[in-house]
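What follows is each chain in one-letter form.
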Amino acid sequence: CLPCALFLLLFLPALSGADTPAGIRITHPRNGFFVNRYNFDDYLISGTAEADGAVAIFANGILMETAPTDTRGRFSVQIDFSNQIEGPVTLLAFQEGLRSVPLTGTYDMTPPEITAAAIKEESINLTFNESNLKNAGQEGNYRFSPSLNFKTLGGSDDIARIDDVSYRLSMKSIPQHEIVTLILSGITDAAGNRVDSTHLILNDGDADRMADIWEARHGLDPEMADGLSDDDGDGFSNYQEYLARSH
(Lines give C-alpha, C1' and ligand atoms only; values in the text may rest on other atoms or scores of the structure.)
Protein backbone atom coordinates (compact mmCIF):
# COMPACT_ATOMS: atom_id res chain seq x y z
CA CYS A 1 0.00 0.00 0.00
CA LEU A 2 1.13 3.57 -0.62
CA PRO A 3 1.22 4.64 3.09
CA CYS A 4 3.32 1.57 3.93
CA ALA A 5 5.73 2.32 1.10
CA LEU A 6 6.13 5.93 2.23
CA PHE A 7 6.77 4.78 5.79
CA LEU A 8 9.48 2.35 4.66
CA LEU A 9 11.20 5.03 2.61
CA LEU A 10 11.21 7.45 5.53
CA PHE A 11 11.98 5.21 8.48
CA LEU A 12 13.38 1.86 7.37
CA PRO A 13 17.01 3.00 7.68
CA ALA A 14 16.36 3.73 11.37
CA LEU A 15 15.29 0.15 11.97
CA SER A 16 18.67 -1.04 10.75
CA GLY A 17 20.36 0.49 13.80
CA ALA A 18 21.71 3.89 12.76
CA ASP A 19 23.38 6.02 15.42
CA THR A 20 21.33 8.34 17.60
CA PRO A 21 21.95 12.08 17.21
CA ALA A 22 21.71 14.24 20.32
CA GLY A 23 18.74 16.11 18.85
CA ILE A 24 16.37 13.11 18.62
CA ARG A 25 15.01 12.00 21.93
CA ILE A 26 11.86 11.24 23.87
CA THR A 27 11.53 13.65 26.78
CA HIS A 28 8.26 12.25 28.14
CA PRO A 29 7.89 9.71 29.62
CA ARG A 30 11.11 8.84 31.45
CA ASN A 31 12.67 5.43 31.98
CA GLY A 32 10.62 3.30 34.36
CA PHE A 33 7.30 4.74 33.18
CA PHE A 34 3.94 3.04 33.74
CA VAL A 35 0.92 2.89 31.47
CA ASN A 36 -2.20 1.99 33.48
CA ARG A 37 -5.94 1.50 33.08
CA TYR A 38 -6.62 5.22 33.39
CA ASN A 39 -4.21 6.58 30.75
CA PHE A 40 -3.65 3.69 28.32
CA ASP A 41 -5.74 5.17 25.50
CA ASP A 42 -4.29 8.70 25.53
CA TYR A 43 -0.75 8.33 26.86
CA LEU A 44 1.38 11.37 26.05
CA ILE A 45 4.66 10.89 24.17
CA SER A 46 6.73 14.01 23.53
CA GLY A 47 10.27 14.90 22.60
CA THR A 48 12.58 16.69 20.20
CA ALA A 49 13.93 15.88 16.74
CA GLU A 50 14.84 17.65 13.50
CA ALA A 51 12.56 20.60 12.82
CA ASP A 52 9.75 20.51 10.27
CA GLY A 53 9.88 16.75 9.88
CA ALA A 54 8.01 13.65 11.00
CA VAL A 55 8.71 11.25 13.84
CA ALA A 56 7.47 7.66 14.09
CA ILE A 57 6.79 6.26 17.58
CA PHE A 58 7.21 2.53 18.14
CA ALA A 59 6.28 0.43 21.19
CA ASN A 60 7.73 -3.08 21.30
CA GLY A 61 8.45 -2.90 17.57
CA ILE A 62 4.88 -1.87 16.65
CA LEU A 63 4.28 1.47 14.94
CA MET A 64 1.94 3.40 17.23
CA GLU A 65 1.74 6.89 15.72
CA THR A 66 3.59 9.41 13.57
CA ALA A 67 3.87 13.00 14.68
CA PRO A 68 5.07 16.18 12.97
CA THR A 69 7.82 18.28 14.48
CA ASP A 70 7.38 22.03 14.71
CA THR A 71 9.87 24.71 13.70
CA ARG A 72 11.80 24.13 16.93
CA GLY A 73 11.85 20.35 16.48
CA ARG A 74 9.30 19.57 19.17
CA PHE A 75 6.73 16.80 18.81
CA SER A 76 3.86 15.57 20.96
CA VAL A 77 1.35 12.79 20.35
CA GLN A 78 -1.24 10.76 22.28
CA ILE A 79 -0.69 6.99 22.07
CA ASP A 80 -3.34 4.28 22.44
CA PHE A 81 -1.77 1.16 24.00
CA SER A 82 -4.88 -1.04 23.65
CA ASN A 83 -3.21 -3.12 20.92
CA GLN A 84 -0.31 -3.96 23.24
CA ILE A 85 0.01 -6.94 25.57
CA GLU A 86 0.43 -6.13 29.27
CA GLY A 87 4.03 -6.31 30.39
CA PRO A 88 7.35 -4.61 29.56
CA VAL A 89 7.30 -1.80 26.98
CA THR A 90 10.18 -0.35 24.97
CA LEU A 91 9.59 3.03 23.30
CA LEU A 92 11.59 4.34 20.35
CA ALA A 93 11.31 7.41 18.12
CA PHE A 94 12.55 7.27 14.51
CA GLN A 95 13.22 10.05 12.03
CA GLU A 96 14.88 9.83 8.60
CA GLY A 97 17.21 6.95 9.35
CA LEU A 98 17.94 8.00 12.94
CA ARG A 99 16.52 6.75 16.22
CA SER A 100 16.19 7.84 19.82
CA VAL A 101 17.61 6.15 22.86
CA PRO A 102 15.10 3.44 23.89
CA LEU A 103 12.97 3.98 26.99
CA THR A 104 11.64 1.07 29.01
CA GLY A 105 8.50 0.90 31.11
CA THR A 106 5.51 -1.27 31.97
CA TYR A 107 1.98 -1.57 30.59
CA ASP A 108 -0.26 -2.73 33.44
CA MET A 109 -4.06 -2.65 33.21
CA THR A 110 -4.80 -5.08 36.06
CA PRO A 111 -6.00 -3.51 39.32
CA PRO A 112 -4.90 -5.05 42.63
CA GLU A 113 -7.54 -6.95 44.59
CA ILE A 114 -8.11 -8.22 48.11
CA THR A 115 -7.89 -12.01 47.99
CA ALA A 116 -8.47 -12.78 51.67
CA ALA A 117 -9.82 -11.03 54.76
CA ALA A 118 -9.84 -12.41 58.31
CA ILE A 119 -11.53 -10.57 61.17
CA LYS A 120 -10.95 -11.08 64.88
CA GLU A 121 -12.15 -9.22 67.94
CA GLU A 122 -9.48 -6.51 67.72
CA SER A 123 -7.80 -6.91 64.34
CA ILE A 124 -8.44 -7.33 60.62
CA ASN A 125 -5.98 -9.13 58.35
CA LEU A 126 -6.05 -8.26 54.65
CA THR A 127 -4.24 -10.03 51.82
CA PHE A 128 -3.83 -8.50 48.37
CA ASN A 129 -2.83 -10.15 45.10
CA GLU A 130 0.02 -7.69 44.48
CA SER A 131 3.03 -6.75 46.57
CA ASN A 132 4.30 -3.39 47.77
CA LEU A 133 1.10 -1.40 47.31
CA LYS A 134 1.27 2.35 47.68
CA ASN A 135 -0.52 3.95 50.68
CA ALA A 136 -1.70 0.60 52.07
CA GLY A 137 -0.19 1.57 55.42
CA GLN A 138 -2.16 4.81 55.80
CA GLU A 139 -5.10 4.57 58.22
CA GLY A 140 -6.98 7.35 56.44
CA ASN A 141 -7.44 5.07 53.40
CA TYR A 142 -9.65 2.68 55.40
CA ARG A 143 -13.21 3.57 56.42
CA PHE A 144 -15.80 1.36 58.06
CA SER A 145 -19.58 1.16 58.14
CA PRO A 146 -20.75 1.04 60.87
CA SER A 147 -17.88 3.14 62.14
CA LEU A 148 -14.87 1.43 63.72
CA ASN A 149 -11.82 3.07 65.25
CA PHE A 150 -8.18 2.14 64.96
CA LYS A 151 -6.44 1.46 68.27
CA THR A 152 -4.91 4.95 68.20
CA LEU A 153 -5.94 7.99 66.20
CA GLY A 154 -4.31 8.96 62.89
CA GLY A 155 -1.11 8.03 61.10
CA SER A 156 -0.03 4.50 60.24
CA ASP A 157 1.07 2.97 63.54
CA ASP A 158 -1.96 0.65 63.73
CA ILE A 159 -1.30 -1.01 60.37
CA ALA A 160 1.42 -3.65 60.44
CA ARG A 161 2.85 -5.21 57.32
CA ILE A 162 2.81 -8.99 57.75
CA ASP A 163 4.56 -9.79 54.46
CA ASP A 164 4.78 -8.36 50.93
CA VAL A 165 1.03 -8.76 50.30
CA SER A 166 -0.59 -8.84 53.77
CA TYR A 167 -1.41 -6.23 56.41
CA ARG A 168 -2.85 -6.33 59.94
CA LEU A 169 -5.18 -3.52 61.02
CA SER A 170 -5.31 -3.15 64.81
CA MET A 171 -8.69 -1.87 65.95
CA LYS A 172 -9.92 -0.54 69.30
CA SER A 173 -12.71 -3.13 69.20
CA ILE A 174 -14.97 -4.93 66.73
CA PRO A 175 -18.49 -5.66 68.05
CA GLN A 176 -19.16 -9.39 67.81
CA HIS A 177 -22.62 -8.92 66.34
CA GLU A 178 -21.73 -6.40 63.63
CA ILE A 179 -21.24 -7.12 59.93
CA VAL A 180 -18.84 -4.45 58.74
CA THR A 181 -18.30 -2.88 55.32
CA LEU A 182 -14.70 -1.81 54.69
CA ILE A 183 -14.33 1.03 52.20
CA LEU A 184 -10.89 1.47 50.62
CA SER A 185 -9.57 4.57 48.87
CA GLY A 186 -6.22 5.88 47.69
CA ILE A 187 -4.44 2.49 47.61
CA THR A 188 -2.73 1.74 44.30
CA ASP A 189 -0.16 -0.58 42.78
CA ALA A 190 3.13 0.65 41.32
CA ALA A 191 1.44 1.41 37.98
CA GLY A 192 -1.19 3.61 39.64
CA ASN A 193 -4.12 1.18 39.34
CA ARG A 194 -6.49 1.55 42.29
CA VAL A 195 -7.56 -1.42 44.39
CA ASP A 196 -10.60 -2.97 42.72
CA SER A 197 -12.40 -4.18 45.87
CA THR A 198 -13.36 -0.75 47.20
CA HIS A 199 -16.26 -2.11 49.33
CA LEU A 200 -15.54 -5.30 51.24
CA ILE A 201 -17.95 -7.11 53.58
CA LEU A 202 -16.23 -8.25 56.77
CA ASN A 203 -17.38 -10.59 59.55
CA ASP A 204 -19.74 -12.52 57.26
CA GLY A 205 -17.57 -14.87 55.24
CA ASP A 206 -20.40 -17.30 54.51
CA ALA A 207 -22.80 -14.52 53.44
CA ASP A 208 -25.64 -15.73 55.69
CA ARG A 209 -26.24 -12.21 57.15
CA MET A 210 -24.98 -13.30 60.57
CA ALA A 211 -21.71 -11.99 61.98
CA ASP A 212 -18.98 -14.67 62.00
CA ILE A 213 -17.70 -13.76 65.48
CA TRP A 214 -21.24 -14.01 66.87
CA GLU A 215 -21.73 -17.39 65.15
CA ALA A 216 -18.48 -18.80 66.56
CA ARG A 217 -19.36 -17.67 70.08
CA HIS A 218 -22.75 -19.36 69.92
CA GLY A 219 -21.61 -22.69 68.51
CA LEU A 220 -22.60 -22.06 64.89
CA ASP A 221 -20.36 -22.58 61.87
CA PRO A 222 -19.11 -19.21 60.50
CA GLU A 223 -18.05 -20.96 57.29
CA MET A 224 -21.49 -22.42 56.49
CA ALA A 225 -24.61 -20.45 55.54
CA ASP A 226 -26.91 -21.70 58.29
CA GLY A 227 -29.18 -18.71 58.90
CA LEU A 228 -32.34 -20.70 58.09
CA SER A 229 -31.44 -23.59 60.39
CA ASP A 230 -32.77 -23.93 63.94
CA ASP A 231 -29.78 -25.43 65.73
CA ASP A 232 -31.29 -25.33 69.24
CA GLY A 233 -34.76 -26.52 68.13
CA ASP A 234 -36.70 -23.69 69.75
CA GLY A 235 -38.73 -22.84 66.66
CA PHE A 236 -36.71 -19.78 65.75
CA SER A 237 -34.13 -19.78 62.98
CA ASN A 238 -30.53 -18.95 63.72
CA TYR A 239 -30.95 -15.70 61.80
CA GLN A 240 -34.02 -14.72 63.85
CA GLU A 241 -32.06 -15.35 67.03
CA TYR A 242 -29.13 -13.36 65.66
CA LEU A 243 -31.41 -10.38 65.09
CA ALA A 244 -32.86 -10.75 68.60
CA ARG A 245 -29.41 -11.50 70.10
CA SER A 246 -31.16 -14.37 71.91
CA HIS A 247 -29.33 -17.55 70.89
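Colleague: Even after reading the chapter, I still don't get the sheet that holds strand 16 (residues 199-202), so can you show me in this structure?
Modeller: Across a sheet, paired strands are connected by hydrogen bonds in the backbone, their directions being either parallel or antiparallel. Within the open sheet, the three strands sit side by side as 12-15-16. Their pairing is antiparallel. Among the strands making up the open sheet, the edge pair consists of strand 12 (142-145) and strand 16. The mean angle between the axes of side-by-side strands here comes to 25°, regardless of whether they run parallel or antiparallel. Bridge analysis of strand 15 (residues 180-184) against strand 16 gives four bridges, and the strand direction is antiparallel. Counterpart to leucine 182 in the pairing with strand 16 is leucine 200.

Colleague: I tried to follow the packing of aromatic side chains on my own but got confused; where do I start?
Modeller: In this description, a pair of aromatic rings is defined by centroid distance and the angle of the planes. Summed over all chains, the structure comprises eight aromatic pairs. Taking 6.1 Å as the distance between ring centres and 65° as the angle between the ring planes, the aromatic pair formed by phenylalanine 144 and phenylalanine 150 counts as edge-to-face. The same class applies to phenylalanine 144 and to phenylalanine 150, which are both buried. Grouping aromatic residues by their ring pairs yields a cluster made of Phe33, Tyr43, Phe81 and Tyr107. For arginine 194, the ring lying beneath its charged end belongs to tyrosine 38, and the centroid distance is 4.3 Å. In this structure, arginine 209 packs its charged tip against the face of tyrosine 239, placed 4.1 Å from the ring centre.

Colleague: I would appreciate a short explanation of the pattern of salt bridges in the present structure.
Modeller: Close approach of charged atoms allows side chains of opposite charge to pair. Tallied over the entire structure, the rule returns three salt bridges. Here aspartate 196 ties to arginine 37 by a salt bridge, and the two come within 3.9 Å at their closest N and O atoms. Residue aspartate 196 is located in the loop between strand 15 and strand 16, and its partner arginine 37 is located in the loop between strand 2 (33-35) and strand 3 (43-48); the two are separated by 159 residues in the primary sequence. Between arginine 161 and aspartate 164 there is a salt bridge, with its nearest N and O atoms 3.3 Å apart. Residue classification places arginine 161 among the partly exposed positions, given a relative accessible area of 47%.

Colleague: Is there a simple way to think about the side chain of asparagine 203 in this case?
Modeller: Along the chain, the position of asparagine 203 falls in the loop between strand 16 and helix 2 (212-217). Here isoleucine 213 takes part through its backbone nitrogen, which lies 3.1 Å from a polar atom of the side chain of asparagine 203. Once residues lying within four places of it in the same chain are set aside, the contact partners of asparagine 203 are Ile119, Pro175, Gln176, Glu178, Ile179, Met210, Ala211, Asp212 and Ile213.

Colleague: Please explain unusual backbone geometry as it appears in this structure.
Modeller: Most peptide bonds take the trans configuration, and most residues that are not glycine carry a negative phi. Following histidine 28, the chain continues to proline 29 via a peptide bond in cis, the omega torsion being 5°. Note that proline 29 resides in the loop between strand 1 (25-28) and strand 2. A positive phi angle, close to 50°, is found at glutamate 96, a residue other than glycine. Within the chain, arginine 209 stands out as a residue other than glycine whose phi angle is a positive 70°. The topology assignment puts arginine 209 in the loop between strand 16 and helix 2.

Cut-off values and rules
- Residues numbered from 1 in each chain as written.
- Predicted model: local features only at pLDDT ≥ 70, side-chain atom pairs only at ≥ 80, totals over all residues.
- Heavy atoms only, no water.
- Pairing = 2+ DSSP bridges.
- Helix = DSSP H or I, 4+ residues; strand = E, 2+ residues; numbered from the N terminus.
- Axes fitted to C-alpha atoms, helices over the stretch in contact; angles between N-to-C directions.
- Phe/Tyr/Trp six-rings, centres within 6.5 Å; stacked < 30°, edge-to-face > 60°.
- Buried < 20%, exposed > 50% of the residue type's maximum accessible area, 1.4 Å probe, protein only.
- Lys NZ or Arg CZ within 6 Å of the ring centre and 35° of its normal.
- Salt bridge = Lys/Arg side-chain N within 4 Å of Asp/Glu carboxyl O.
- Polar contact = N/O pair within 3.5 Å; in protein donor to acceptor, adjacent residues only side chain to side chain.
- Contact = heavy atoms within 4.5 Å.

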